[in-house]
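Observations on the model geometry
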Amino acid sequence: MLVVKGGEKIPVPEVIPTPSFGLNYILGGGLWSGRYHIVWGNPQAGKSTMCFHAAAEAQKIGYTPVIIDAEGSSTDEWMEHCGIDTTNRIVIRSTILEDILGVVMPMFRDKDAKYFFIFDSINTIVMEQFYKNDDGVGGIGIYARSQGVLIQKVADQLISGVNHCVVFIAQQTIAAKGQYFVTQGKYGNAAFHWATNIIRLNAGEASADLDRDDDERIVGRKVTWRIDKSKQKSVQGTKGDYWFSPHSAEIDHNKEAFHLAVRHGLIAKKGAWFEYGGERYHGSDKLIKALSQEDMDQIYSDLESIELIFETEDVSSSER
C-alpha cells in the first residue's frame, strides 16, 4: 500500500526505452515503470524479441530482467542476441499460476530491487485446478479467471511503488464481426482497462516488407507497431514501423531512422534516387550502407530537434 500525504509527491516512474526510435518518441521515451504494458500481434512479429531488447535497456539502469517463459521458447542465446546480460537475469518456466505467483510476488514486494518482468505469454498461464480436471470442463472460463487473478495481483503491487515494470505478451486471435473477421488481442477486459500501454506489432508479409539474401532466406522483416491504448500520452491509433532480423534478433536502428528522415524531408527522395550530404544514391539500401556513424548521429540529432509526424488510424473496440 502506498500512502501519499499532503505536500508529498507521488513517486515519478522511470522510463525504459524500447528498441524503436519512433515508438519511444511517441511514448515520451519508452515504457513507464510502476505500470504494466501489453504487447500483442501476429506470429513472426518479434514480440518477445522487442520485449527482450527493452529488458536489455532496463538492465542498463539497474533493472534485473525476470522472464516468465510460459511457452518454453526462450533461450539464453536469444536473450544475449537481444543484449541481455544472462549473468543477471531470472527465468521462470511454468504454466501454473500458483507456482508463478509463489516466485514473483516476493520480488514485487522487494522495494529495494528493480525488476523488469516479461510474461511470455499470459495466454498459457492457468490455475492449477485446470490440470486436476482431466475432462477439461470449464477450460475457457478458468483461463479468463486465471488472467484476472494474475493481473489483479500484479496491479496491486505496482500501484504501491514504482520500482518494477511489467510487460504481458499476448497472442492474436481472429473474431467474427458480422460478415467480417477482425484481429484482436487475446486478453481479458481487466487487462485492457488497467494496462498503461497496449502495443500491437504486425509482421509484414509483402515483398516490400521483407529483405532476403541470395538464397531467398528472410534476413530482415518490417514490423508495424500501433498504439491501441496509452495512459502515458494521447496517442491512441498512432502507427510506425521498424525492421528486425528473425535470425540474429538485431533491430535495424539505421533503417528506421532513415525512413523517418525521408518522411520528414531530412533526406531528399526523387523516385528511386536519394540524396544526402551532396551525394546521390540509387535505392535506399545503397544510401543506408553508405551512411557513416557520424552521419547517423547527425540524422538522429536532426530527428530529435523536430516534431515527428506519424500515421494514425481508428482503433475499433472490436479489436480489443
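**Things to note about the packing of aromatic side chains**
For the structure shown, the criterion picks out eleven aromatic pairs. Relative to Phe117, the ring of Tyr115 lies with its centre 5.7 Å away and its plane at 50°, an arrangement referred to as tilted. For the pair formed by Tyr115 and Phe117, the shared burial category is buried. An aromatic cluster of at least three residues, connected via ring pairs, comprises Tyr36, Phe108, Tyr115, Phe117, Phe119 and Phe168.

**Examining the pairing of strand E4 (residues 64-69)**
Counting buried residues in E4 gives six out of six residues, a clear majority hidden from the surface. Bridging between E4 and strand E5 (residues 90-92) involves three bridges; their strand directions are parallel. Counterpart to Ile68 in the pairing with E5 is Ile92. Of the crossover connections in this fold, the one passing from E4 over helix H3 (residues 76-81) to the parallel E5 is right-handed.

**Description of unusual backbone geometry**
A cis geometry characterises the amide bond from Asp120 onward to Ser121, with omega recorded as -5°. Within the element layout of this structure, Ser121 appears in the loop between strand E6 (115-120) and helix H5 (129-132). Positioned with a positive phi, Ala249 is a non-glycine residue whose angle comes to about 70°. Assignment of secondary structure puts Ala249 in the loop between strand E12 (238-244) and helix H8 (253-263).

**Some thoughts on the sheet that holds strand E15 (residues 279-282)**
Spatial strand order, E13-E14-E15: three strands in an open sheet with antiparallel pairing. Looking along the sheet, the strands with just one partner apiece sit at the ends: strand E13 (268-270) and E15. Averaged over neighbouring strand pairs, the angle between their axes works out to 25° when direction is ignored. Across three bridges, the pairing between E13 and strand E14 (residues 273-276) is antiparallel.

**Side note on the nonpolar core**
Judged by nonpolar contacts, the single largest core of 53 residues is most densely connected at Phe116, Leu201, Trp225, Ile267 and Ile299. When residues in this core are grouped by element, the largest group, seven residues, is from helix H2 (residues 47-59). Not counting the four nearest positions on each side in its chain, Phe116 is found in contact with Ile16, Cys51, Ala54, Ala55, Ala58, Tyr63, Thr64, Pro65, Val66, Cys165 and Val167. Membership of the second largest hydrophobic core comes to 36 residues, among which are Leu101, Met107, Ile125 and Ala170.

**Quick notes on H8**
Every buried residue of H8 is listed here: Lys255, Glu256, Ala257, Phe258, Leu260, Ala261 and Val262. At the C-terminal side of H8, Gly265 shows a positive phi close to 80°.

**Focus on the packing of H8 against helix H10 (residues 293-304)**
The contact between H8 and H10 brings their axes to 10 Å, and the two run at 50°. Accordingly, the angle class assigned to the pair H8 and H10 is oblique. Remark: the crossing between H8 and H10 carries left-handed chirality. For the pair H8 and H10, the contacting residues are His253, Asn254, Ala257, Leu260 and Ala261 in the first and Met296, Ile299, Tyr300 and Leu303 in the second.

**Points about H10**
Spanning twelve residues, H10 covers 16 Å between terminal C-alpha atoms, matching the ideal 16 Å at 1.5 Å per step. Those residues of H10 lying buried are Met296, Ile299, Tyr300 and Leu303. Looking straight down H10, one finds its buried side chains confined to an arc of 100°; they lie on one side. Residues of H10 that are buried make contact with helix H1 (21-27), H8 and E14.

About the cut-offs
Residues numbered from 1 in each chain as written. Predicted model: local features only at pLDDT ≥ 70, side-chain atom pairs only at ≥ 80, totals over all residues. Heavy atoms only, no water. Phe/Tyr/Trp six-rings, centres within 6.5 Å; stacked < 30°, edge-to-face > 60°. Buried < 20%, exposed > 50% of the residue type's maximum accessible area, 1.4 Å probe, protein only. Helix = DSSP H or I, 4+ residues; strand = E, 2+ residues; numbered from the N terminus. Pairing = 2+ DSSP bridges. Right-handed = clockwise from strand over helix to strand, strands pointing away. Axes fitted to C-alpha atoms, helices over the stretch in contact; angles between N-to-C directions. Core = buried A, V, L, I, M, F, W, Y, C linked by side-chain atoms within 4.5 Å. Contact = heavy atoms within 4.5 Å. Parallel < 35°, antiparallel > 145°, perpendicular 65-115°, else oblique. Left-handed = near helix turned anticlockwise from the far one by under 90°. Expected span 1.5 Å × (residues − 1). Arc of directions from axis to C-beta.

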